[in-house]
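Tertiary structure, described
Okay, here's what each chain looks like letter by letter:
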Amino acid sequence: MLSSRTTNMPINSQIFTAPDGLPSIEGNLDNSLNGLPQDIRRIIPTPEAVFVEPLQYNDANTIILLHMDGTDASTTFTDVALGASHTWSANGNAQIDTANKQFGTGSTLFDGSGDYVQSNFNMSSIASGGGDWTIDFWVYIEEYNSYPSLFGEKTNNQNTIEGWCPAGTPAMYIQQGGTYQANFFGAENSVTLQTWHHLAFEHQGDVYRIYTDGVRGGAEKVSTISITTAMNEQFAIGRFKNNNSSQFFLNGALDEFRVSNVARWGRNFTPQTIPYG
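Keep in mind the model is a prediction, meaning the values are calculated, not measured. (Residues numbered from 1 in each chain as written. Predicted model: local features only at pLDDT ≥ 70, side-chain atom pairs only at ≥ 80, totals over all residues. Heavy atoms only, no water.)

Membership of the largest hydrophobic core comes to 37 residues, with the highest contact counts inside it found for Trp-133, Ile-135, Phe-137, Phe-151, Met-172, Phe-201 and Phe-257. Counting residues per element, this core draws most heavily on strand β8 (residues 133-141), at five residues. With sequence-adjacent residues up to four places away left out, Ile-135 is seen in contact with Met-123, Phe-151, Leu-199, Ala-200, Phe-201, Phe-235, Phe-257, Arg-258 and Val-259. Judged by nonpolar contacts, the second largest core, of seven residues, contains Leu-65, Ala-81, Ala-200 and Tyr-211. (Core = buried A, V, L, I, M, F, W, Y, C linked by side-chain atoms within 4.5 Å. Buried < 20%, exposed > 50% of the residue type's maximum accessible area, 1.4 Å probe, protein only. Helix = DSSP H or I, 4+ residues; strand = E, 2+ residues; numbered from the N terminus. Contact = heavy atoms within 4.5 Å.)

Before going further, it helps to examine the pattern of salt bridges. Counted according to the given criterion, the structure contains five salt bridges. Arg-264 serves as the salt-bridge partner of Asp-59, at 3.0 Å between the closest nitrogen and oxygen. Of the two residues, Asp-59 is situated in the loop between β2 (25-26) and β3 (62-66) and Arg-264 in the segment after β20 (251-260); the sequence distance between them amounts to 205 residues. For Asp-59, a relative accessible area of 23% translates into the label partly exposed. Taking relative accessible area as the criterion, Arg-264 reaches 14% and is therefore assigned buried. Between Glu-220 and Arg-209 there is a salt bridge; the shortest N-O distance is 2.7 Å. Linking Glu-220 in the loop between β15 (215-216) and β16 (221-222) with Arg-209 in strand β14 (residues 207-212), this pair joins segments that are eleven residues apart in sequence. One salt-bridge network, in which partners are shared between bridges, spans Glu-202, Arg-209 and Glu-220. (Salt bridge = Lys/Arg side-chain N within 4 Å of Asp/Glu carboxyl O.)

All right, on to empty space enclosed by the protein then. Inspection of every chain in the model, using the stated rule, returns two cavities of 30 Å³ or more. Taken as a whole, the largest cavity encloses approximately 50 Å³ of empty space. Taken together, Gly-152, Glu-153, Lys-154, Thr-160, Ile-161, Glu-162, Glu-233, Gln-234, Ala-236, Arg-239, Phe-240 and Lys-241 make up the full set of residues lining the largest cavity. The class makeup of the residues in the lining of the largest cavity is three nonpolar, three polar and six charged. The calculated volume of the second largest cavity comes to roughly 30 Å³. (1 Å grid on protein atoms, 1.4 Å probe; cavity = no way out; pocket = protein on both sides within 12 Å on 5 of 7 lines; lining within 4 Å. Points joined across faces, edges and corners; volume = space filled by probe spheres on them. Nonpolar A, V, L, I, M, F, W, Y, C, P; charged D, E, K, R; others polar.)

As a further point, take the pairing of β3. In summary, the side chains of a regular strand alternate between the two faces of the sheet. Taken across its five residues, β3 has five buried, putting it largely inside the fold. Here β3 runs beside β20; their pairing, made up of four bridges, is antiparallel. Bridge pairing in β20 places Ile-64 opposite Val-259. (Pairing = 2+ DSSP bridges.)

Laid out in structure tokens, this is it:
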């Protein structure tokens, strides 16, 4: 039978001796164990440090949160973010699809030809002055067109932010006042067709990062210039415009789209398997 030895400390502060060959652990013992026989109370070997990814929820730093849930073919998109309130409208054939989704009852389906969802949100509202931010979501690309668009916002040839995924490589381009800021790529060929992947675009301090399924790809891009100009074309999901005003769209689906006014990770992470709430 396993044994334990005690000191003169109270019962909730005992030192337990593990069997031969295992280290002991000292700490508080939950009072709920007081009724157990002394020799079968918890005896725990000292574990190695293991990082457990904390769950993230809808919080005050959540500026946009679209679960993309609803009835099939619905064009109603409800933003449940606690940190702000934005309205969204469907364009083209963008609609809820209940057959293919990562979470909940649906995702947003885009057919690659004129489909996008647009809001009154402007990136400068959170990024002005060099503020940290994160855009993350789940994406399912049905097939690659020239530039599968993920999100975008633009004023003219001088001010733009674009996220896209050419040939399975997530990328982002940011330009303000005609000054080059960030044009870089994530992990090459990391987004495979007809598979759900988590993508995150993050700005922290002077650093931009792109993660695919929680793993940072490509080199960190350092830029001290931030998004300061309010763009007159509203933020869109599933579409972006380049400097020649050509439009590019997504053929696929997006789910659990979130924008935050903080850098959510700053390191590799494990995407959680439940919605943000």
